Structure formats: C-alpha cells, structure tokens
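# Chains, contacts and geometry: an overview
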Amino acid sequence: SSIRDPNPVIFLEPKAIYRASVADVPTGDYMIPLGKADIVKAGSDVTVVGWGAQMNVLAHACERAEQDLGVSCELIDLRTILPWDSDAVVQSVKKTGRLVVSHEAPKTSGFAAEISAVVQEKCFLNLEAPIQRVCGYDTPFPLVFEKMYVPDSLKNFEAIRRVMDY
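My aim in this report is to walk through the structure given alongside it, one point at a time. (Residues numbered from 1 in each chain as written. Predicted model: local features only at pLDDT ≥ 70, side-chain atom pairs only at ≥ 80, totals over all residues. Heavy atoms only, no water.)

What follows concerns the layout of surface pockets. A water-sized probe rolled over the atoms picks out the places where empty space is left. Reported here for the largest pocket is a volume of approximately 1,800 Å³. Forming the boundary of the largest pocket are 41 residues, of which Phe11, Leu12, Ile32, Asp77 and Arg79 lie nearest the centre. Secondary-structure elements contributing two or more residues to the lining of the largest pocket are β1 (38-41), α1 (54-69) and β3 (73-77). Grouping the constituent residues of the lining of the largest pocket by class yields 27 nonpolar, seven polar and seven charged. In this model, the second largest pocket occupies a volume close to 460 Å³. Along the walls of the second largest pocket sit 21 residues, with Pro14, Ala53, Gln54, Glu104 and Val150 positioned nearest its centre. At the level of elements, α1, β4 (99-106) and α4 (146-149) are the ones that each hand at least two residues to the lining of the second largest pocket. Considering every element that reaches the lining of the second largest pocket, the biggest residue donor is α1, with four residues. Looking at the lining of the second largest pocket residue by residue, the class counts come to 13 nonpolar, six polar and two charged. (1 Å grid on protein atoms, 1.4 Å probe; cavity = no way out; pocket = protein on both sides within 12 Å on 5 of 7 lines; lining within 4 Å. Points joined across faces, edges and corners; volume = space filled by probe spheres on them. Helix = DSSP H or I, 4+ residues; strand = E, 2+ residues; numbered from the N terminus. Nonpolar A, V, L, I, M, F, W, Y, C, P; charged D, E, K, R; others polar.)

Structure follows, in structure tokens:
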C-alpha cells in the first residue's frame, strides 16, 4: 500500500514484532488500505486503541480484563496514524462509552492526545469515563530501562479497570 500510494509515505515498523507476530498472510497480491483501522476484537464495554508493537500488549490486557473483570473490550488497531481512521474509533466509543489509548511514545504531544481530542469533540455526551492514555514517560530513557518505560499489559489492564470503575 505504501509503495503504491501516489503520496509520500513514511513506513515505520518495530523490529520487536518481526518474530513475535504469527498470522496467516495471503499468498496473492494484496493491499491494506492506508487510513483504515482493523477491529481486531469486537466488544461492548470499552474501546482500546493502539498500533504497532502495542497491539500484542493490548491483546493481552484485553484478554485479562475479560477473564478477571468480565469486561468486553473492543480492540482497534489503527495500522496508520496519518491518515487515521477517526470514524472507526468514534463509532466504537459511541457504542462503549469508554476509551483507552496506548502507545510507546511520551504522553505529552503523543498521538494519543490527538485521538483523545477528536473523541472528546465528537463523543462528549457518550463518554461514561475520562479517556485514559497509557503512554511512555515524559523523559528520555536509556535502552536498558526500556521494559520500565514502555507501557506493558499490566499498565493497560489497570487503565481498563479505571474506566470501568469510574
């Protein structure tokens, strides 16, 4: 999709998921539309949004929320952040009334702030709880401390619990 798009495209992929992700891939030629989110798992209680390497982390958090709390999570993989599928996120939040957004970048000026702003503008009367952003810390960090910096499934699970308990 990136190669065939007539516009300039920057394609970033986390090396950490090269061998961590296992899925069937079509054998023929195919394209994934840029700017179209994938609803990985349909749910009714909370919308959980992420992209890239955070998707594995979020899948574990959603699974734990379902097992421990009985919470039905709608997990959305944005796949691209510009353009991003605001319609898919807005429709989901209007259904669930709750939103958790997670990414590895710092919280301040991270893309979760843009998602939160759009959802707040378009779903204000539908929100049942404050939007939760689960992000990296607002500080430089050495690689050796990456496991403490990058949001893990426990931090995301706790955010899901917070929006459900609100």
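This brings us to helix α2 (residues 86-96). Residues Ser86, Ala88, Val89, Val90, Ser92, Val93 and Thr96 constitute the buried set of α2. At its buried positions, α2 is contacted by β2 (46-50), β3, β4 and α3 (111-123). Immediately downstream of α2, the backbone of glycine 97 shows phi near 80°, a positive value. (Buried < 20%, exposed > 50% of the residue type's maximum accessible area, 1.4 Å probe, protein only. Contact = heavy atoms within 4.5 Å.)

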